[in-house]
Amino acid sequence: MHATVLEWYALHARDLPWRRPEASPWSVLVSELMLQQTPVARVLPVHAAWLERWPTPAALAAATTGDAVRAWGRLGYPRRALRLHAAATAITTTHGGEVPQAYETLLTLPGVGDYTAAAVASFAYGRRHVVLDTNVRRVIARAVGGVEHPARSVTRAERDRAAALLPGVEADGSSDAATWNVGLMELGALVCTAASPACDRCPLVDRCAWVAAGRPAYDGPPRVAQTWAGTDRQCRGRLMAVLRDADGPVPISALEAAWAGAEQRERCLRSLVDDGLLAQVGPSTYALPTD
DNA sequence: CATACGTGGAC
DNA sequence: TGTCCAAGTAT
């Protein structure tokens, strides 16, 4: 299975900026934060502009959080911009300006959880870690587990299975683990997709347990649908869009025009200020934060 | 462990 | 056209 995936990746990998040999660990870290729940196509232009403007953690740490939020644009989940800024600050003040290499150290950075810590350690530094993202989980669930979708949350058995599949260390100390990780991710992103897997283009089709079983439909607990219309998330998004698109502070009237329901609007306004995404700069004026 | 958290493209 | 989904994290 290893050689098959590695060969397929060598032939079909997309040329992404954060995968190039010259990509810095900072570029990798920025890409990983941006890619959390966000498609590659939308990340590409924002990532390029971000690295151009803030080529190092120290450069971002010197900017305001408001600048980071505005540069985040419409990637969604703007708290990630705040976390990335906070991570850059921590890297600058307590890690000598260099993105940490150790998984455990990476894990202490804001916005960096198990997946991102393993991904940065693996992709930026070549360290051997199990990288369990939604793509890897799905490929393993199908190819090895024989089911269409993995469980809602990562189980111990699932992690053990992924660890067992991870390429080992060669006699010379090298390992294919990092390429294996990104290869499995790429396979899940391009071929073994959630809704319409292209098994006719899959290098693992002949040994896939799910295909062998006749591609049985998912029969686990119902996967919760994301609601959107009328939620606080939609309201917060509307309010943030007003601030992002403005040159400076905006009057409360502009925010009132963006969301009709007063009670919900005020609750969301409070939560955005509480999160540090907005600042009240006058009795009836709001702005992106300047700290 | 379930839930909140943005946004827009695909089918 | 509405539903599903995208390299998760924090609480």
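Above: the structure in question.
The sections below set out a description of the structure shown in this document. It should be emphasised that the depicted structure is a prediction, and the values quoted were computed from it without experimental measurement.

## Thoughts on the overall build of chain A
At step 1: Each helix and strand counted, chain A has 15 helices and three strands in total.
At step 2: With the principal axes as the frame, chain A shows a C-alpha extent of 65 × 45 × 30 Å.
At step 3: A burial count over chain A gives 43% of its 291 residues as buried.
At step 4: Nonlocal contacts in chain A, meaning residues at least 24 apart in sequence, comprise 62% of its contacts between residues at least 6 apart.
At step 5: As presented, chain A carries roughly 14,600 Å² of accessible surface, and 53% of it is formed by carbon and sulfur atoms.
At step 6: Looking at chain A, you have 30 positive and 29 negative side-chain charges, and the mean spots of the two groups are 5 Å apart.

## Here we look at the packing of aromatic side chains
At step 1: Within the structure shown, the criterion is met by two aromatic pairs.
At step 2: Judged by centre distance (4.7 Å) and plane angle (70°), the rings of Trp 50 and Trp 54 are edge-to-face. With respect to burial, Trp 50 and Trp 54 carry one shared label: buried.
At step 3: Taking the centre distance of 5.7 Å and the plane angle of 85° together, the rings of Trp 50 and Trp 72 count as edge-to-face. Here Trp 50, found in helix α3 (residues 40-53), pairs with Trp 72, found in helix α5 (residues 65-72); they are 22 residues apart in sequence, far enough to count as distant. Exposure class is identical for Trp 50 and Trp 72. Each is buried.
At step 4: Each member of the aromatic cluster is reached from another via a ring pair, and the members are Trp 50, Trp 54 and Trp 72.

## Re the pairing of strand β2 (residues 279-282)
At step 1: Two elements, β2 and strand β3 (residues 285-287), share three bridges in a ladder whose sense is antiparallel. Residue Gln 280 lies in a different strand from β3, and its bridge partner there is Tyr 286.
At step 2: Between β2 and β3, which pair antiparallel and follow one another directly, the connecting turn spans two residues.

## Let's talk about the sheet that holds β2
At step 1: Strand order in this open sheet of three strands is β1-β3-β2, and the pairing throughout is antiparallel. Looking along the sheet, the strands with just one partner apiece sit at the ends: β1 (250-251) and β2.
At step 2: As paired elements, β1 and β3 share two bridges and run antiparallel to each other. Across the sheet, residue Val 250 finds its bridge partner in β3, namely Tyr 286.

## As for the environment of Asp 291
At step 1: By the element assignment, Asp 291 lies in the segment after β3.
At step 2: Separated by 225 residues in the primary sequence, Asp 291 and Gly 66 place their C-alpha atoms 7.4 Å from one another.
At step 3: Every residue in contact with Asp 291, bar those within four places of it in the chain, is listed here: Ala 63, Thr 64 and Thr 65.
At step 4: A polar atom in the side chain of Asp 291 sits 2.7 Å from the side chain of Thr 65.

## Description of the pattern of salt bridges
At step 1: Applying the stated criterion across every chain yields a total of nine salt bridges.
At step 2: Across the pair Arg 20 and Asp 15 runs a salt bridge, and its minimum N-O distance is 3.0 Å.
At step 3: Accessibility expressed as a relative area gives 57% for Asp 15, which makes it exposed.
At step 4: One salt bridge in this structure joins Arg 137 and Glu 158, with 2.7 Å as the shortest N-O distance. One end of the pair, Arg 137, is in helix α9 (residues 134-143); the other, Glu 158, is in helix α10 (residues 156-165), and 21 residues separate them in sequence.
At step 5: Taking the relative accessible area as the measure of exposure, Arg 137 reaches 11% and is therefore buried.
At step 6: With relative accessibility at 11%, the residue Glu 158 sits in the buried group.
At step 7: One salt-bridge network, in which partners are shared between bridges, spans Arg 14, Arg 19 and Glu 186.

## Remarks on the side chain of Asn 181
At step 1: Tracing the chain through its elements places Asn 181 in helix α11 (residues 177-190).
At step 2: When near neighbours in sequence (up to four residues on either side) are disregarded, Asn 181 contacts Ser 122, Phe 123, His 129, Val 131, Val 136 and Leu 166.

## Thoughts on the side chain of Arg 138
At step 1: With respect to the helices, strands and loops of the structure, Arg 138 is situated in helix α9.
At step 2: It is Asp 133 that comes nearest to the buried, bridge-free Arg 138 among opposite-charge side chains, at 7.2 Å.
At step 3: Once residues lying within four places of it in the same chain are set aside, the contact partners of Arg 138 are Glu 148, Pro 150, Gly 188, Ala 189, Cys 192, Thr 193 and Ala 194.

## Points about the protein's contact with DNA strand B
At step 1: Lining the immediate environment of DNA strand B, one finds 17 residues, of which Tyr 77, Pro 78, Arg 233, Arg 236 and Gly 237 sit closest.
At step 2: Here, DNA strand B places atoms within 4 Å of the protein, and 57% of those atoms are sugar or phosphate.
At step 3: Between Arg 42 and DNA strand B, the recorded distance is 2.9 Å, taken from a side-chain N or O atom to a base oxygen.
At step 4: In this structure, a sugar or linking oxygen belonging to DNA strand B sits 3.1 Å away from a side-chain N or O atom of Arg 79.
At step 5: Of all the elements in the fold, those that place two or more residues in the surface near DNA strand B are α6 (79-94) and α13 (232-245).
At step 6: Of the residues forming the surface near DNA strand B, the biggest block, five residues, is contributed by α13.
At step 7: For the surface near DNA strand B, the residue count by class is four nonpolar, five polar and eight charged.

What counts and how
- Residues numbered from 1 in each chain as written.
- Chains lettered and ligands numbered in written order.
- Predicted model: local features only at pLDDT ≥ 70, side-chain atom pairs only at ≥ 80, totals over all residues.
- Heavy atoms only, no water.
- Helix = DSSP H or I, 4+ residues; strand = E, 2+ residues; numbered from the N terminus.
- Buried < 20%, exposed > 50% of the residue type's maximum accessible area, 1.4 Å probe, protein only.
- Contact = heavy atoms within 4.5 Å.
- Areas by Shrake-Rupley, 256 points an atom, 1.4 Å probe, with all protein chains shown as cover.
- Lys, Arg positive; Asp, Glu negative; His and termini not counted.
- Charge placed at Lys NZ, Arg CZ, Asp CG, Glu CD.
- Phe/Tyr/Trp six-rings, centres within 6.5 Å; stacked < 30°, edge-to-face > 60°.
- Pairing = 2+ DSSP bridges.
- Polar contact = N/O pair within 3.5 Å; in protein donor to acceptor, adjacent residues only side chain to side chain.
- Salt bridge = Lys/Arg side-chain N within 4 Å of Asp/Glu carboxyl O.
- Near = heavy atom within 4 Å.
- Nonpolar A, V, L, I, M, F, W, Y, C, P; charged D, E, K, R; others polar.

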